[in-house]
Each structure stands twice: as structure tokens, then as C-alpha cells.
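Residues per chain are reported as follows:
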Amino acid sequence: MRRSYILGSVYQQLRSSGNAAGSSSGTQQAMGLLPAAARWFAQQPVSTSATAAAAATAAIGSRTGPSGLKAVKRLWQDYKKLSKFRLSMLVVATSSAGYAAGSKEKINWAGLGWTSLGTFLCSASANALNQVYEVVNDGRMKRTAARPLPTGRMSRSHAVAFALLAGAGGVALLLDKTNTTTAGLGAANIALYAGMYTPLKQLSVANTWIGAVVGAVPPLMGWAAAAGELDVGAAILAAGLYFWQMPHFMALAWMCRADYAAGGYRMLSLVDPRGKRTAACALRNCMYLFPLGILATWLGVTSPYFAYESALITAGMTLTAAKFYSAPTTANARLLFRASLLHLPIFMGAFLLHRKAKQQLPHLLLRLQPNQVENKTELLLKNLRLLGIGGPMEQEEKEAAGFGPSYLSRTMPHLSLPPMPFLPVPMELVCPSKAICEQQQQHRPAADQVEQQQQQQQQQTEEEDLEASGGEGVDKQGS
């Protein structure tokens with residue numbers, strides 16, 4: 001076909017040259033092209049059957065894909081994309097934070113490892129089922145078009161088998177190595193993510209709130225695995241994850257609104273042309289994060305330092321959310337998104353740094369139990385003063401509240417620093433500072449002596465009461 005095209009071109013040039021010249025000299029000039037055309041045809045290689053066969057073999061080889069080690073590497077990369085590896089590792093990090101926070105003075109590192117592996121498998125299963133459901137939608141989005149299912153590198157049956165094996169393995173591992181509460185939370189989260197959140201993405205903007213619930217479950221899994229139960233500390237950590245997800249995802253939804261529209265998803269940013277509702281939702285949930293630090297301190301989950309640090313950390317992200325609300329642009333949304341990426345690890349790190357070991361919680365809860373005090377205003381003011389807000393607290397008031405040196409010597413023998421999975425080997429400090437150590441050593445003998453005297457006085461009082469009650473009984477019998 002190429003030779004026919006060249007012959008036709010030469011013929012057209014001959015005609016045009018002859019017509020344009022209109023003379024014998026023009027015809028001679030046009031005819032001079034024939035030898036050049038003949039030489040060009042002579043230099044071209046002739047296609048043979050062997051060449052055609054080689055080309056067909058190469059085409060078949062490209063369709064069948066790589067073999068051996070390359071095939072294994074490609075499959076591994078496809079599994080990572082199918083499981084949303086980076087997202088699953090973030091889920092593992094939040095679960096590990098819950099495990100460390102729910103532990104006692106020392107962390108069971110083997111238990112943490114098994115919990116992390118089981119959590120990862122549950123997350124991988126949920127993400128794989130999500131992609132099985134959204135093959136067509138992912139193929140329409142630039143951000144997800146290169147995934148293994150839309151490109152055809154992996155079949156749906158293959159992905160379903162991977163999801164079932166990962167989910168069953170993760171739940172079974174958590175059931176064997178932790179407890180039924182943790183395994184139940186893992187199984188419920190797979191069902192919630194794949195069975196409710198995923199189909200809801202194409203039906204209602206409420207899918208974002210359901211997704212935030214899914215993201216708040218992993219720290220509960222970690223806490224339950226370490227402590228064997230859930231309490232207020234787990235609720236505060238989960239609430240922090242829930243409220244954090246809203247500004248994080250609202251910023252992402254605004255940046256990728258065109259892509260979400262192409263994929264057919266129902267996001268708040270798609271029904272909010274001006275962006276005010278999207279930005280207001282992000283700002284509102286940033287504000288919800290502020291009370292968590294005070295609650296954690298008031299309920300005895302962390303030390304008072306966390307109240308200050310949590311407020312400072314949240315203020316930074318709130319400022320970016322306020323800027324996004326004042327001008328809902330892609331640049332401001334990206335600023336909020338980056339601020340949210342910084343907020344989460346710092347918030348969890350501060351929570352772990354100032355956590356109180358689980359066995360210390362009953363002492364604090366007895367002193368800060370709001371239902372045992374009639375005057376709620378007085379209780380709130382006293383707890384604020386314990387936090388250092390509203391003026392200093394006298395030593396006698398601290399002793400009366402149970403936070404004197406004797407309490408410090410009992411409940412603060414050391415400060416444990418449980419790291420995240422990506423931080424170095426754990427460190428354990430005897431005291432937060434040298435000054436506190438010396439203060440504890442000075443007050444410990446006096447505190448122990450005061451406690452012994454109080455116990456002796458209490459025993460003596462009880463004996464006197466018993467003697468008095470016994471004497472009265474004898475008098476009554478004699479009369």
C-alpha cells in the first residue's frame with residue numbers, strides 16, 4: 001500500500017509539473033523525476049513471511065505480559081493498589097495508637113504486631129471489595145484509572161478471592177491473638193465500608209459521614225486489643241479521628257470535584273457550586289476538636305499538658321479551614337488538606353505522650369466523677385484550676401482533691417512513651433524531668449508517713465466505735 005501511495009504521488013507531480021510548465025522544458029523536467037523514483041523503490045526492503053511471523057510473535061508476547069520475576073513484581077504492585085496500601089498503613093497507625101494508649105505501663109509488642117497485621121488485612125479486604133464494586137467508576141477518574149481492575153490487569157473474581165482471604169484471615173487472626181471485641185469491630189468495619197459506604201457514594205452525600213465512622217473504628221480496635229474493653233479514653237481517641245476526617249476529606253473533595261463528577265459519585269462539593277457549605281462543614285468539625293483535650297484531662301485519660309497541646313494543634317488546622325471558608329479556592333483547599341496531614345500524627349503523638357496508664361484511671365475518675373458532686377459549677381471551676389486555668393490552686397486544695405505529693409508518688413512513678421510503628425525503639429523515662437524526680441524523692445517519705453498515720457487513726461477510730469457499740473449492747477442486756 002505504501003508503494004501505491006508513492007506511485008500515485010509521483011504521477012500527480014508529473015501531471016502538475018507538465019500542466020504548470022506548458023512547454024517541452026517543463027515536461028522534460030517532470031520526466032526527470034522517474035529515475036529518482038525508481039532508485040527509491042530499489043532501496044526499500046521487501047517484506048517477507050519471516051518478518052511478518054516475527055511481528056506476530058512479538059504482538060502475542062506483549063499481550064500475554066511479563067513472565068517469571070517481572071510477573072511476580074507486577075502482581076505485588078497490583079495487590080498493593082488493590083489493598084490501597086498507603087491508606088491501609090494509615091489505618092494501622094491509628095489502630096496502633098489506640099493499642100498504645102490502651103496499654104498499661106508497658107506495651108506488649110507482640111500483641112501490637114498481631115493487632116497491626118490483623119487490622120491491615122481487614123482494611124485490605126474492605127478496600128478490595130470497594131474496588132470490585134466501583135470498576136466502571138474508577139475507570140472514568142484520572143486518579144483511579146490506572147488501578148488493576150479498570151485496566152484489565154486483574155479480573156473481578158481474582159480481586160474477590162483476594163478480599164475474602166484477607167478479610168477472613170484478618171478477623172481470624174484478631175480473634176485468636178486478641179479478643180472477640182477486636183475481631184467483631186474488624187468484621188463490622190469491613191461490612192460497613194464495603195456494604196454501606198461504598199454503594200452510598202453513588203446515592204447520597206451522606207456517604208462522607210458514614211466513611212468518617214469507618215475511620216474512627218481502628219483506634220477502638222487497638223484499644224480493645226490492649227485493654228480487653230472500651231472506655232472513655234477510647235471514645236476520645238475515636239472522636240478525634242472522626243472529627244479530623246471531615247476537614248481532611250472536604251478539602252480533598254473540593255480539589256477533586258471534577259474527577260468525582262466524572263466518576264458519578266455524590267459528594268457535597270458537587271452540589272455546592274460556591275464551596276461555602278463544603279468549607280463550613282470543614283470549619284465546623286475543626287471546632288468540634290477543641291473540647292477533646294479538656295475532656296481527656298477532666299476524665300483522667302491524659303495529663304493536663306494535653307489540653308494545651310491539643311488546643312494549639314487544632315488551632316493551626318482551624319485557621320486553614322477558616323481561610324478556606326473565606327475564599328473556597330483550590331489553593332486554600334490544598335492548604336487545609338496539608339494541614340490535616342500534619343494534624344493527625346501530632347495529635348496522636350501528644351495523646352500518647354501524655355496518656356495515663358490504664359491502672360491509674362480509677363484514682364482520677366473517683367476524684368473527677370461529675371455525678372458525685374451537687375454543685376456542677378464549682379466542680380468545673382475546680383477542674384479548670386487543676387488545669388492551670390483561672391488562677392493557681394493552693395497546696396491544701398490539691399491535697400483535698402487528692403492531687404498532692406502523696407498522689408504523685410503513687411500515680412506517677414514513670415512516664416511511658418509508646419511510639420508509633422514507624423518511630424524508633426520505645427524509651428521509658430523514670431520521670432518527666434529531674435526536678436520532678438527530686439521532688440518525688442523528697443515528698444515520698446513524708447507522704448508514706450502521713451498515710452500510715454491516717455491508717456492508724458482510722459483503725460483506732462474503728463476499734464473505739466466497736467468497743468462503744470459493744471458496751472451499749474451489754475448495758476441494754478443487763479437492764
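Residues numbered from 1 in each chain as written. Predicted model: local features only at pLDDT ≥ 70, side-chain atom pairs only at ≥ 80, totals over all residues. Heavy atoms only, no water.

## So, the overall build of the protein chain
Going by this rule: Strands are runs of DSSP state E lasting at least two residues, helices are runs of H or I lasting at least four, and both sets are numbered from the N terminus onward. Pairs of residues are marked as contacts when any of their non-hydrogen atoms sit within 4.5 Å.
If you tally the helices and strands in the protein chain, you get 23 helices and two strands. Considering only contacts within the protein chain whose residues lie at least 6 apart along the sequence, 71% involve residues at least 24 apart.

## So, the packing of aromatic side chains
Going by this rule: For Phe, Tyr and Trp, where Trp contributes only its six-membered ring, two rings pair if their centres lie within 6.5 Å, and the inter-plane angle classes them as stacked under 30 degrees, edge-to-face over 60, or tilted in between. Each residue's exposure class comes from its accessible area (1.4 Å probe, protein chains only) as a fraction of the maximum for that residue type: buried when under 20%, exposed when over 50%, partly exposed otherwise.
Tallied over the entire structure, the rule returns nine aromatic pairs. Look at F249 and Y260: their rings are 6.2 Å apart centre to centre, the planes differ by 55°, and that puts the pair in the tilted class. Remark: Y260 occurs in helix α14 (residues 257–263) and F249 occurs in helix α13 (residues 232–255); sequence separation between them is 11 residues. For the pair formed by F249 and Y260, the shared burial category is buried. With 6.2 Å between their ring centres and 75° between their planes, Y260 and Y265 make a pair best called edge-to-face. Of the two residues, Y260 and Y265, neither departs from the other in class, the shared state being buried.

## Quick word on the pattern of salt bridges
This is how it is decided: One side-chain nitrogen of Lys or Arg within 4 Å of one carboxyl oxygen of Asp or Glu is enough to make a salt bridge.
What the rule picks out here adds up to three salt bridges. With a shortest N-O distance of 3.1 Å, D138 and R147 are connected by a salt bridge. In this structure, D138 and R147 share a single accessibility class: buried.

## Some points on unusual backbone geometry
In the Ramachandran plot, K84 falls in the positive-phi region, its phi being about 50° despite a non-glycine side chain. Accessibility expressed as a relative area gives 17% for K84, which makes it buried.

## Some points on the environment of H354
The cut-off we apply is this: N or O atoms closer than or at 3.5 Å make up a polar contact, with two conditions inside protein: a donor-capable atom paired with an acceptor-capable one, and, for residues adjacent in sequence, both atoms drawn from side chains.
Checked against the element boundaries, H354 lands in the loop between α18 (330–353) and α19 (361–367). Residue H354 is classed as buried on the basis of its relative accessible area of 10%. In this view, H354 contacts V301, T302, S303, Y305, F306 and E309; residues no more than four positions away in its chain are not counted. Within the structure, the side chain of H354 is placed 2.9 Å from the side chain of E309, a separation counted as a polar contact.

## Side note on the packing of helix α6 (residues 85–102) against helix α7 (residues 109–133)
Packed helix pairs are characterised by how far apart their axes lie and by the angle those axes make with each other. For the record, the criterion: Think of each axis as a best-fit line through the C-alpha atoms, taken over the contacting stretch in the case of a helix, with angles from 0 to 180 degrees between the N-to-C directions. Each crossing gets its hand from how the near helix is turned against the far one by less than a right angle, where anticlockwise is left-handed and clockwise is right-handed.
Direction vectors running N to C along α6 and α7 enclose 140°, while the axes themselves pass 9 Å from each other. Both α6 and α7 take part in a crossing whose hand is right-handed. For the pair α6 and α7, contact is made by F85, L87, S88, M89, V91, V92, S95, S96 and Y99 and by G111, L112, T115, S116, T119, F120, S123, A124 and N127, respectively.

## A few points about the environment of E309
Along the chain, the position of E309 falls in helix α17 (residues 305–326). A relative accessible area of 29% places E309 in the partly exposed class. Note: C-alpha distance between E309 and H354 (45 residues apart in sequence) is 9.9 Å. Residues in contact with E309, not counting those within four places in the same chain, are A350 and H354.

## A closer look at helix α5 (residues 69–82)
A turn of α-helix holds 3.6 residues, and therefore any two residues three or four places apart point the same way. What counts here: The span one expects for a helix is its residue count, reduced by one, times 1.5 Å.
Compared with the 20 Å implied by 1.5 Å per residue over 14 residues, the 20 Å span of α5 between its first and last C-alpha is a close match. Just beyond α5, the residue with positive phi is K84, at close to 50°.

## Quick look at the nonpolar core
For the record, the criterion: To form a nonpolar core, buried Ala, Val, Leu, Ile, Met, Phe, Trp, Tyr and Cys residues must be joined to one another through side-chain atoms within 4.5 Å.
With 63 residues, the main nonpolar core has I236, Y260, M317, L336 and F351 as its most contacted residues. When residues of this core are assigned to their parent elements, the largest contribution, 15 residues, is made by α13. In terms of nonpolar packing, the next biggest core, distinct from the first, is built from 10 residues, A124, A128, A159 and A163 among them.

## Topic: the packing of helix α11 (residues 180–200) against helix α12 (residues 207–227)
Put simply, the rule reads: Here the angle decides the label: under 35 degrees means roughly parallel, over 145 means roughly antiparallel, 65 to 115 means roughly perpendicular, and every other value means oblique. Each residue receives one of three labels: charged for Asp, Glu, Lys and Arg, nonpolar for Ala, Val, Leu, Ile, Met, Phe, Trp, Tyr, Cys and Pro, and polar for the others, Gly being one of them.
In contact at an axis separation of 9 Å, α11 and α12 are set at 170° when each is read in the N-to-C sense. In terms of their interaxial angle, α11 and α12 are classed as roughly antiparallel. Contact residues: T181, T182, L185, G186, N189, L192, Y193, M196, Y197 and L200 in α11; N207, I210, G211, V213, V214, V217, P218, L220, M221, A224 and A225 in α12. Counted by class, the contact of α11 with α12 contains 15 nonpolar, six polar and no charged residues.

## Digging into a negative patch on the surface
This is how it is decided: Residues enter a patch when their relative accessible area is above 30% and they make no salt bridge; the linking distance is 9 Å between like charges and 5 Å between nonpolar side chains (Val, Leu, Ile, Met, Phe, Trp, Tyr). The Shrake-Rupley method, run with a 1.4 Å probe sphere, supplies the accessible areas, and residue values consider only the shown protein chains as cover. His is not counted, nor are the chain ends; Lys and Arg add positive charge and Asp and Glu add negative charge. A charged residue contributes its charge at one atom only: NZ of Lys, CZ of Arg, CG of Asp or CD of Glu.
Together, E462, E463, E464 and D465 line one region of the surface with negative charge. With respect to the helices and strands, the residue D465 is situated in helix α23 (residues 434–478).

## What about the confidence of the model for the protein chain?
Heads up, the condition is: Each residue gets a pLDDT score, which is the predictor's confidence in that residue and runs from 0 to 100.
With 63% of its residues at a pLDDT of 70 or more, the protein chain shows a mean pLDDT of 77. Below pLDDT 50 for its whole length, residues 17–42 participates in 16 contacts with residues either more than four positions away or in separate chains. Below a pLDDT of 50 lies the segment residues 404–437, which in the model reaches 60 contacts outside its immediate sequence neighbourhood of four places, other chains included.

## Let's talk about the environment of Q202
Among the secondary structure elements, Q202 is positioned in the loop between α11 and α12. For the pair Q202 and M267, spaced 65 residues apart in sequence, the C-alpha to C-alpha distance is 8.6 Å. Among the polar contacts listed, one links the side chain of Q202 to the side chain of N137, at a separation of 3.4 Å.

## Observations concerning α6
Taking 1.5 Å of rise per residue, the 18 residues of α6 would be expected to cover 26 Å, and the 26 Å separating its terminal C-alpha atoms lies within 8% of that figure. Within α6, 13 of the 18 residues are buried, which leaves the element mostly enclosed by the surrounding structure.

## Quick word on the side chain of N137
Within the secondary structure, N137 sits in helix α8 (residues 135–140). For N137, the residues in contact, after removing those within four places along its chain, are Q202, G263 and Y265.

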